[in-house]
Every structure is written in C-alpha cells, then in structure tokens.
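Here are the chains, one letter per residue:
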Amino acid sequence: MATRARYVLLSLATLLGVLGLGCQSAPPTGSPGPAPDSVAAPARAAPSAAAPEVASGDTYIRWLVDRSMLHQAELTARRYSGQGQLWQHPYANPQPRAASALASVWFTAYPPSHITRPGESVLGSLGDPELWSLFKEIGVKGVHTGPMKRAGGIRGREYTPTIDGNFDRISTEIDPGFGSDEEYKSLVRRARDNGAVVIGDIVPGHSGKGADFRLAERGYGDYPGLYHMVEIESKDWGVLPPVPAGKDAVNLKPEAVDELKARGYIVGQLPRTIFYEKNIKETDWSVTEAVAGVDGRKRRWVYLHYFKGGQPTFNWLDPTFAAQRLVMGDALHSLGTLGERMLRLDANGFLGIEVGPNNDRAWSEGHPLSVTSNQLIAGLVRKLGGFTFQELNLTLEDIKAMSHGGADLSYDFVTRPGYHHALVTGDAEFLRLMLGLQKTYQIDPAGLIHALQNHDELTLELVHFWTRHKDATFTFRGKTMKGRELREIIRAEMHGRLLGPAAPYNLEAANGVSCTTATVAAAALGIRDVGRLTEAQRRDIQRAHLLVAMYNAMQPGIFALSGWDLVGALTLPAESVKTLLADGDTRWINRGSYDLLGTNPVAVKSTADLPRTQALYGTLPEQLKRPGSFVWQLKKMLRVRAEYRINESEQIDIPAVKARGLVVMVHRLPDGRGTQVTATNFGRTAVGETVAIKTAPPGGVVTDLLEEKARGTLGADGRLHLAIGPHEGQVLLIK
C-alpha cells in the first residue's frame, strides 16, 4: 500500500510540473529526444495459441498487468522524470503557426484501407521510397497514420478484434496486422529524410476492453479508477438486466439509467447519445456480467461509454489519477519511442462529466475539466517539442475555449458542413454564415485543419445550433430564425440530396451521411448511378472535387486530404461490407481500400479485408504523368500555396457578394508579399461580379497565381471584377 501511494504522489507531482508559463517556438526538425533504446520497456509477447485458457489467479493477473497500458505508462514515465529534456521547450501556449510551419499539407492515412504489395505490411508500404518521392513531388509534408496501435479487447488470454477501426486502443504497441514498432520507426526516418513528419494519435477519452479494463473489473489496484465505472451493490442488481450468453456486458435502457441515478450511483443520461441504435445502444451506459475480483467477491459494474459499448470512458478526476498517468505515458511513448512529431487528441471534449443542474441530464460537453485536461496533455507534448491537434465537433465557443492552453490545432468542424452544403445545393450562404461566425468567435483559420474526406462520415450534427444556440436567432435566406430551425433546414437539404433515390450509393450514418468526397460531388451534380459514369461525368466530379480542395487549401492553416481523395474513391456497395454494417455503423462504405502506387493491381481487398473501392482518378504515378488529372492539378495548387506561404497568411476579410454560390476570402500574405484572394464558385452557373477588396492598394496589379498571368489592375475604388465558371475558383494576388 505504501509503494502504491508513493507512485500516486510521484505521478501527481509530475502532472503539476506540466503547468507553467511561456510561449512555444518551432522545435528543431529532429525527433523529440527519447531515452536511449537500451532502457526501453521490454517488448511484450503476443498471446500464444497454446496459452492456457485460465482467466483467474495471480498468474493471470500478472499476465494482464504486463499487457496493460497503465503499467507500460509507468515504465515509460520513469525514463523522463528528472531529465533535462523536459525543460527545453516552453509549453503553456498553443502554437498553431509553428505547427503549420512544421508541416502544412497532410496525407491522412487509414491503415485498414491501404492495399500493399503481396506479403508487404501496411507500414512497409507507407514507408515505400517511391511513395515518399511522389509525396514530395505533390507537396505533402506530413502523414497522419491514423490509429495503428493494438485495439479491440481481451477475453481470457485471447485478443479480440477492434470494434471501431482501431479507436478502441488497448496497448502502446503497433498492431501486428499493420506491421511492427521497428517498421513504424523506419517510416518516421523515411519521412524525416524527405523533409516531412509523421503524425500519430492518442485517445484521452476511452480505451477498448483490454488488460486495463479486465483488471478494473476485478477490482485490482488503481485500475477501477481508470474508468467512469461504478460498482452496483448486490441488493440493487434487480435493476440490472441479465447479460446475454456470449457477451460480457449489455447496454442499459433509459429507465434503468434513471433508476440508478435516483439511487445515487451514476450521473444519469447524457444530453445526446452518439451512435444511437435501437436495442443496441439506447444509452451511454452498460453493465458487466458478474466478475470475480482479486478478493474473490463478485461484482457488477455500470460503466460509461460515449461511443460503442467496447469503448469504456476514462475517469479524469479520480483520486488515483490513473487516467492521466496512462494517457501521459502513451504520449511519451508516441513522441519519444516512435518518433512522432504531432498527436491527435481523439474525443478530447468528453473528459469531464457531472450531475446536471436541476436534476437535468448530465453536464458532459463544454465541461471545464475537459479544458484543464487538454492543457495537461498538450502542455506535456509541447514540453517534448511536439504539437497536438483536436478533432472536436462541439459549439464554436467550446472549440475556442479548448484551445486556451490546449491543443495547437483544431479540425475545421466550423466550415466543413458549410462547404459541403454549398457544393450540394449550389448556395454558399450557410458557408458564408459560418465564416462570419468563425470571425465573431475569433477562431483563427490558421489554427484549423481544413480537410477533405477522413475515415468518419460527413458529420451533420451542427452542434452549435443544436445545443447552446438552439434558441439564438440567425438570419438566413432573408429570414430570422432560431438555431434549431436553421439546423433542421440544413440537415433536411443535405439528407434529401445525399441519400435515398437521389444518391443511393450513400447511406445515413449516426451523425450524418456515409459518403466519399467524390460521391458528394456526384450527388451535387444530380448523378444517381455512379456505376456507369460517362467521361464527361467523371470530369465534372473531378472539377467539383478540385473546387473543395481549393477552398480548403487556399487559406491559412493546415490542408489535409486522404487516400480516398487522391484516387477519387467511390463508396462501397453495402452488400460488400454487410457484416461490418451489422451494428448499424455505415461508415465502412466510405472506407474502401485503395492502391496509391498501383503495386498490386490484382488485389480485390486490403490485408484488413476491406474491399477495393472504385477509383475514378487512378494511381499517383499514372496521374502525375497525365496533365489535367486530379493529382496533377492538385500539385500545381499546392506549389502556389507553398511558394506564396498562403498557410502562413492572415484572413482579414470575407467580402459581401451577391452571387448565391460565391465565396471570397481575403488574406494578407507574410513579409509584405501582398494581398491574396481565394474566390470559389460553388454554383452551377458562371459568376460575373465586382467585389470590394478593402485592404488592397487601388490600382494594384492582379495576378492569377494558378494560371501565372496578369488579370489587370484593381479599380481605383478598390473593386475587383471576378469572372468564374461553375464549380471553379481563382487564386489571385494583388500587389
């Protein structure tokens, strides 16, 4: 007991040391300094097929402890305590522009979708010299690998598969299905040799049901303190449903959650249930079967899971501080051992929860504890010379608040629904509204990751208008309406055009629409059958795709795109991933596999068994040899972005326009390089309009940067004439 108490006190002291003052400068290009390899934590052996099935006793507990993330985190933390490397970087303030300077164009990988050569690992493929040569030619400076560490669960001594695309982490080691730790380090070196960085993930909000959760169920050590889980006294087991045969837990009905809250066990129902599915997930609470503890007593636990039942939520304010210790150790491992330079904080807005006021639903979003917790994580990462970014789909004030001392960058959930709505409807008014709100809330686009497709669905929760601002008034299409009314209009229009008979190749998802960027473009064009596209339709889809790429790339901050974007992936037929869709998660249709290099043309699926998607644009080598291809034009776009340092610019105006589909963004380039204007026409008809550019010098020379030719001069009254075709844009310099 004394030993454990000493470790808790030491851990608390380390956490307190994270807080402080200072400002962050761009770190050197080398990887944050790890401890020597000779003192690395010992590798853990995978469970043997011949291992005994005994799941009790001291030997089994030791087996679990050795494989637990909390134990590994403690071993890793000891390598850093008392070392000078913790004091070489200021860490209090986020540094979005330093992060952007390190790598402003990202390729976002999704490991299960990556087709490799026969016998090659995903990590081996991602480290391919030819791929990196092409990335360098295109202008990619960072690769976000996506979740690559072992995920899923443990039953007895056997590993069980991931239930959420490796976002249910159970280990710090690389998933053997993707490769090895050494191959990951080789990828990091390959990136560094090409002037790029590798970006990884930590999950501060939850884990899978691995060794840590199994130890928590058994009441062992500090492990119950890791999770938001509560032991239910046997006298109250009548409130709990039985666990079906073959399962280890069952979701609670709302009535059971309300009763457990009334009896003083839990905080009750959350304001919204993510991934709601009738008879599968009706609340965010589940109950375990009766589990024998290390003391021999059987317990049933009710535990919180914001997402799926196999993703138990961490408790960020438990006296053991076990969650902090685990997450900090994971970050240290990613930066110091693997060599990553940035880390994504996944689901980092859900770290605080308490009983709601007036006995209402629980307070679980926008909680101050989430802000504090993110400051701790981001501060420690900056202490080691790295950066973090958050994928936070909450209200605009929550996104802003979480950036105070927290993550350096935020995913652009501000305008992402807006530009999709503009493309689908041809009306950019909602996008212009969101750009205005972005300015009102002082969210600097230089601190955002402006991304095309990722592994998730196109999210249409529109949380800002759903929760805190549901009764606030907004002006839209000449009418004054409440936030909830505006939200319903946008959602109805998106669902009507992206789902059903209009676009049967997309599917409704828990939080929006499962689709690819190419199928959004197809739906915007009114194409109902993507299985038999004409060449003209393919060109139209590519033009629309390049338009949203231009909108995202030609503004301050990070530009990110996926393998699905690079090859022009369509969605998979639902029948081809029927088993994966069984739990209601339709996102698998937008995660089809692709072959970037064309090294395995006969493969019909990835090594993770995801079917090959139909790719409209072709492989990277093919596209770079073909003028006018998607990647050929993207390369030209990114060259202009880099040459004029548009990622470093300052967004100074969003001029008023008359054309429905037009959006104009005005940026001040660094070092007096002039005024840059990005004008995008989301409409299906040509635009001819004169726009006031208040900050540019009258009579300034106007240059089309993509076409590399002069477009005349700015009028004496500071007005710029624009003539833009449908689904096209211009990148202009006024100087």
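Everything below is about the structure shown above.
Description of the structure in this document. As the structure is a prediction and not an experimental result, all values here were calculated from the model.

Procedures and definitions
Residues numbered from 1 in each chain as written. Predicted model: local features only at pLDDT ≥ 70, side-chain atom pairs only at ≥ 80, totals over all residues. Heavy atoms only, no water. Helix = DSSP H or I, 4+ residues; strand = E, 2+ residues; numbered from the N terminus. Rg over C-alpha atoms; globule rule 2.2 N^0.38 Å. Buried < 20%, exposed > 50% of the residue type's maximum accessible area, 1.4 Å probe, protein only. Lys, Arg positive; Asp, Glu negative; His and termini not counted. Charge placed at Lys NZ, Arg CZ, Asp CG, Glu CD. Salt bridge = Lys/Arg side-chain N within 4 Å of Asp/Glu carboxyl O. Phe/Tyr/Trp six-rings, centres within 6.5 Å; stacked < 30°, edge-to-face > 60°. Lys NZ or Arg CZ within 6 Å of the ring centre and 35° of its normal. Pairing = 2+ DSSP bridges. Axes fitted to C-alpha atoms, helices over the stretch in contact; angles between N-to-C directions. Contact = heavy atoms within 4.5 Å. Parallel < 35°, antiparallel > 145°, perpendicular 65-115°, else oblique. Left-handed = near helix turned anticlockwise from the far one by under 90°. Core = buried A, V, L, I, M, F, W, Y, C linked by side-chain atoms within 4.5 Å. Polar contact = N/O pair within 3.5 Å; in protein donor to acceptor, adjacent residues only side chain to side chain.

Before going further, it helps to examine the overall build of the protein. The helix and strand tally for the protein stands at 21 helices and 30 strands. Radius of gyration (C-alpha) of the protein: 26 Å, near the 27 Å computed for a compact globule of 735 residues. With the principal axes as the frame, the protein shows a C-alpha extent of 85 × 55 × 55 Å. When the 735 residues of the protein are sorted by exposure, 62% land in the buried category. Of the side-chain charges in the protein, 82 are positive and 78 negative, and the distance between the mean point of each set is 2 Å.

Let's shift gears to the pattern of salt bridges. Tallying each qualifying case throughout the model produces 50 salt bridges. As a salt-bridge pair, Arg-150 and Glu-173 come within 2.8 Å of each other at their nearest N and O atoms. Of this pair, Arg-150 sits in strand β3 (residues 149-151) while Glu-173 sits in strand β6 (residues 169-174), placing them 23 residues apart in sequence. As far as burial versus exposure is concerned, Arg-150 and Glu-173 are alike and both buried. A salt bridge links Arg-639 to Glu-708; the nearest nitrogen and oxygen atoms lie 4.0 Å apart. Of this pair, Arg-639 sits in helix α21 (residues 630-643) while Glu-708 is found in the loop between β27 (701-704) and β28 (709-713), placing the two residues 69 residues apart along the sequence. Classification of Arg-639 as partly exposed rests on a relative accessible area of 34%. By sharing partners, the salt bridges in this structure join Asp-164, Lys-308, Asp-456, Asp-583, Asp-585 and Arg-587 into a single network.

Our focus in this paragraph is the packing of aromatic side chains. Tallying each qualifying case throughout the model produces 20 aromatic pairs. Between Phe-430 and Phe-476, the aromatic rings sit 6.5 Å apart at their centres with planes inclined by 85 degrees, giving edge-to-face as the arrangement. Here Phe-430 is found in helix α14 (residues 429-440), whereas its partner Phe-476 is found in strand β18 (residues 473-476), with 46 residues between them in sequence. One exposure class covers both Phe-430 and Phe-476, and it is buried. Joined through ring pairs, the aromatic side chains of Phe-213, Tyr-227, Tyr-303 and Phe-314 make up one cluster. Positioned above the aromatic ring of Phe-275, the side-chain terminus of Lys-308 is 5.7 Å from the ring centre.

So, on to the sheet that holds strand β16 (residues 448-451). Strand order in the closed barrel formed by eight strands is β1-β2-β7-β13-β14-β15-β16-β22, and the pairing between neighbours is parallel. This sheet shows a mean twist of 30 degrees between the axes of neighbouring strands, independent of strand direction. Across three bridges, the pairing between strand β1 (residues 105-108) and strand β2 (residues 142-144) is parallel. Looking at the pairing, Thr-108 lines up with His-144 of β2. α21 contacts β1 and β22 (558-562) of the sheet and is inclined by roughly 165 degrees relative to β22.

Turning our attention to the packing of helix α10 (residues 322-338) against helix α11 (residues 368-383). Two elements in contact, α10 and α11, have axes whose closest approach is 10 Å; the angle formed by their N-to-C orientations is 30 degrees. By the criterion of interaxial angle, the relationship of α10 to α11 is roughly parallel. For α10 against α11, the interelement crossing comes out right-handed. Seen from α10, the contacting residues are Val-327, Met-328, Ala-331, Leu-332 and Leu-335; seen from α11, they are Leu-376, Ile-377, Leu-380 and Val-381.

Turning next to helix α17 (residues 517-524). The buried fraction of α17 amounts to eight of the eight residues, a majority that puts the element mostly inside the structure. Residues of α17 that are buried include every one of Thr-517, Ala-518, Thr-519, Val-520, Ala-521, Ala-522, Ala-523 and Ala-524, and no others. Two residues or fewer after α17 comes Gly-526, characterised by a positive phi angle close to 80 degrees.

Sheet architecture is open: three strands sit in the order β17-β21-β20, paired in antiparallel fashion. Both edges of this open sheet fall to β17 (458-459) and β20 (507-509), since each of them pairs with a single strand only. In the sheet, β20 pairs with strand β21 (residues 512-514) via three bridges, with the strands oriented antiparallel. Within β21, the position partnered with Glu-508 by the bridge is Val-513.

Positive phi values are uncommon outside glycine, yet Leu-462 reaches one of about 50 degrees. Among the structural elements, Leu-462 can be located in the loop between β17 and α15 (463-466). Note on Leu-462: relative accessible area 8%, which makes it buried. For Arg-477, which is not glycine, the phi torsion reads 55 degrees and is therefore positive. Relative to the helices and strands, Arg-477 is located in the loop between β18 and β19 (479-482).

What follows concerns the nonpolar core. Among the nonpolar cores identified, the biggest contains 140 residues, and Phe-107 and Phe-682 are the most heavily contacted of them. The element best represented in this core is helix α18 (residues 535-553), accounting for nine residues. Apart from the residues within four sequence positions on either side, Phe-682 is in contact with Tyr-419, Ala-422, Leu-423, Gly-426, Ala-428, Leu-431, Leu-547, Val-548, Tyr-551, Gly-661, Val-663 and His-727.

Tracing the backbone through its elements, the reader meets Asp-583 in the loop between α19 (563-567) and α20 (620-624). Residue classification places Asp-583 among the partly exposed positions, given a relative accessible area of 32%. Each C-alpha atom, one on Asp-583 and one on Trp-466, is 26 Å from the other, the two residues being 117 residues apart in sequence. Once residues lying within four places of it in the same chain are set aside, the contact partners of Asp-583 are Glu-277, Ile-280 and Lys-308. Polar side-chain contacts of Asp-583 include one of 3.3 Å to the side chain of Lys-308. Here Asp-585 takes part through its backbone nitrogen, which lies 3.1 Å from a polar atom of the side chain of Asp-583.

The next point concerns helix α2 (residues 57-67). Here α2 has its buried residues at Tyr-60, Ile-61, Trp-63, Leu-64, Val-65 and Arg-67. In the core, the buried residues of α2 are packed alongside α3 (69-77), β4 (153-155), β5 (158-160), β6 and α8 (211-217).

Side chains Val-687, Glu-689 and Val-691 project from strand β26 (residues 687-692) onto a buried face, and the interleaved Gly-688, Thr-690 and Ala-692 project onto a face without burial. Note that β26 and strand β29 (residues 719-724) share six bridges and pair antiparallel. Within β29, the position partnered with Thr-690 by the bridge is His-721.

The subject of this paragraph is the environment of Glu-259. When you line up the elements, Glu-259 lands in helix α9 (residues 254-262). Relative accessible area serves as the criterion here: at 31%, Glu-259 is assigned to the partly exposed category. Here the alpha-carbon distance between Glu-259 and Gln-651, two residues 392 residues apart in the chain, equals 52 Å. Polar contacts involving the side chain of Glu-259 include one to the side chain of Arg-263, which spans 2.7 Å.

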